[in-house]
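Chain by chain, the residues run as shown.
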Amino acid sequence: MSLGRISAIARQDLRILRTDPMAVVPLIVLPLVVAPFLQPAFKAAFHFAGLHRATGAEQVVPGMAVTFGFFLVMNTCSGFFREHAWRTWDRLRASQAGAAEILLGKMVTPLVEITLQFVLLFGVAGLLLDLHVRGSWLGLCAVGCSFAVFLVTTGIAVTGVCRTYMQANAAVAVSALVMGGCAGALVPYALLPPWAQNVAPLVPSYWAMQGYKHAIFGGQTVLLSILVLLGFSLVSTVVAVSRFRLDDPKIGPT
Amino acid sequence: MLKVREVHKSYGPVKALRGVDLDVDQGEIVALLGQNGAGKSTLVSVIAGLRKPDRGDVWLNGIDASTHPNLARRQLGLAPQDTGIYPTVSAFDNLRFFGELAGLRRRDLKRRIDEVAEAFSLGDLLDRRARHLSGGEMRRLHTAMIVLHRPPLLLLDEVTAGVDVQTRNQLLELIVSLADQGSAVVYSTHYLHEIETLGAHKVMILHEGQVLTTGSIPHLISTFGGSFVELTFDELPAGLHLPAGTVVVAENILRIPADDSPAVTAAGLVGGLDQSGAALREIKLLQPSLESVFLSVTTGVANGGPS
């Protein structure tokens, strides 16, 4: 295992991203654009529920982080599918980089993107949207990190399962909205229909939402959320390891 | 440098390789020759470690590729059949990436990029995004990316496909010079004249995954290089009396072995054709050459006989 080769793969992906920033900028910026529109509605909902000090940012900011974070799963997939589309995958495999080095190198850029999204969203929300973290910033970051690990491992699992870029794109888009909906990322958990509330703990996004909210409101530990998210990451890793084949022919974006 | 022994590879029911053996020494150019689907690219993929053989062994510089794949890959540079470059980044960044993967750093890397760029006439194009290069420039970049770390074995799979004559000649000259510097070269193609231009030390003819024959060009010509007469008709006449060994190449083309002189054979054939009323469009006399070797060897198989 060579850090130099992992770093070379990561830097090449970052160079590619630099030449085509629009592949990721909307996903990072859009949550910041959407959040102010939704904030008043959530503020009213919190007031209705008796939380008079709430600004609405406590729901909308983690909700956006979870929903739009899930869309970034596709960027992990793209890192592999574009190699197939550009016919560079076999070259990469025939290089001195081993399978583990390729996979680890390919995880770096999506992690950077997710981190950037998290920092911008929570940072700007703290400055402009009256987001007050009454619990722990450290806990918030720990939840963010475990969710990021889940998203990236899921991206590799999705790549392993799907044969084409379009399949992966559809799977991620549907999952992002369904999981976001069930998790209470789009609508507060308390307002979800009972069946959705029952299903919610089965989806990782729910635990990310719970973790963020506990860190923001304080008074409850984020440890359980972190552990569950890491558990889901383990499941994704198992799927990735069992389904990802380096010599699988994939059809990249055209 | 390279030893391939009894390699078999199937894709479902299709047997892509059937017991292939190959030896390539340092500084040697070995040409893999065969029609589309003969197994050339599969063999290259197996040697490069991209496909696992069902059976058989591959050694690179004495390293068993099945037990030490990472170590074995250090010995080779692969230019696959399809142009594989990163279109959105510069030519320099394409070269830099593969240099870094090969362990080159800083000054060494920069120096090698400059050397390779000069050799492949890419010096003025390094800052240009790869997608803005012409087809020939892309192909040169595609090939240049594998020589940065001076691998002892070069695997070149139809690297001149789709390029203009000038680029083709330039690439072939570079390959010869790399072999002169000690690289072992496996060059897959179906262009016969390229093999002669390269002055390949050995030619391996593959057909449906099997090695039909291997040898130097002079050896193959002296052993298999018969003469042929090729007749092209407007329409193949019915009831034509043809000598033994005649092969129908296409619906209007016949190839007839000329055991004596091709001219004598042709004269005899044309005399017979006059009476049959067949409309003959073209007569081609094929003298002993790599082309006639290929035709002779593959025709033998097509007719069911060993070559």
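Quick notes on the rules
Residue numbers restart at each chain and count upward from 1, following the sequence in its written direction. The naming scheme follows written order: chains are lettered A onward, ligands numbered 1 onward. It should be noted that, the model being predicted, local features are given only for residues of pLDDT at least 70 and side-chain atom pairs only at 80 or more, the latter also being counted only at that level, while totals for whole chains, interfaces and linings use all residues. Throughout, a residue-residue contact means that the two C-beta atoms, derived from backbone geometry, are no farther apart than 7 Å. We count a stretch as a helix when DSSP gives it H or I for four or more residues in a row; a strand needs E for two or more, and each element gets its number in order from the N terminus. Polar here means any residue other than Ala, Val, Leu, Ile, Met, Phe, Trp, Tyr, Cys and Pro, which are nonpolar, and Asp, Glu, Lys and Arg, which are charged; Gly is therefore polar. The term nonpolar core refers to a group of buried residues, namely Ala, Val, Leu, Ile, Met, Phe, Trp, Tyr and Cys, whose C-beta atoms join them within 7 Å. Three exposure classes are used, based on other C-beta atoms lying within 10 Å of a residue's own C-beta, which is placed from the backbone: buried for 20 or more, exposed for 12 or fewer, and partly exposed in between. Segmentation into domains, and thus their bounds, comes from an automatic or database assignment.

S.K.: I'd like to hear about the interface of chain B and chain A, residue by residue, with values.
M.R.: Counting residues at the interface gives 24 residues for chain B and 20 residues for chain A. Elements with a contribution of two residues or more to the side of chain B that touches chain A: helix H2 (69-73) and helix H3 (91-101) of chain B. Sorting elements by how many residues they give to the side of chain B that touches chain A places H3 of chain B first, with five residues. Residues belonging to the side of chain B that touches chain A are distributed by class as follows: twelve nonpolar, six polar and six charged.

S.K.: Kindly report on the nonpolar core, identifying the contributing residues and their values.
M.R.: In this structure, Val61 of chain A together with Ala31, Ile47, Leu155, Val185, Val186 and Tyr187 of chain B are the most contacted members of the largest nonpolar core, which totals 164 residues. Examining the composition of this core, we find that eleven residues originate from one element, helix H7 (residues 137-161) of chain A, more than from any other. Looking at which domains feed residues into this core, each of domain 1 (2-221) and domain 2 (227-287) of chain B supplies at least three. Those residues in contact with Leu155 of chain B, other than ones at most four positions away along the chain, are Val44, Ile47, Ala48, Leu76, Leu78 and Val186 of chain B.

S.K.: Describe in detail the environment of Glu6 of chain B, supporting the description with residues and values.
M.R.: Residues and elements named next belong to chain B. Looking at the secondary structure, you find Glu6 in strand E1 (residues 2-11). For Glu6 and Ser296, which are 290 residues apart along the polypeptide, the C-alpha to C-alpha distance reads 25 Å. Residues contacting Glu6, with those up to four places away along its chain left out, are Gly19, Asp21, Arg55 and Gly56.

S.K.: So what's going on with the domain arrangement of chain B? Residues and values would help.
M.R.: Split into domains, chain B comes out as domain 1 (2-221) and domain 2 (227-287). Using C-alpha coordinates to define each centre, domain 1 of chain B is positioned 39 Å away from domain 2 of chain B.

S.K.: Tell me about the environment of Ala148 of chain A, residues and numbers included.
M.R.: Residues and elements named next belong to chain A. Its place among the elements puts Ala148 in helix H7. Along the primary structure Ala148 and Glu113 are separated by 35 residues, whereas in three dimensions their C-alpha atoms are 9.5 Å apart. Dropping the residues within four chain positions of it, Ala148 is found in contact with Leu111, Ile114 and Thr115.

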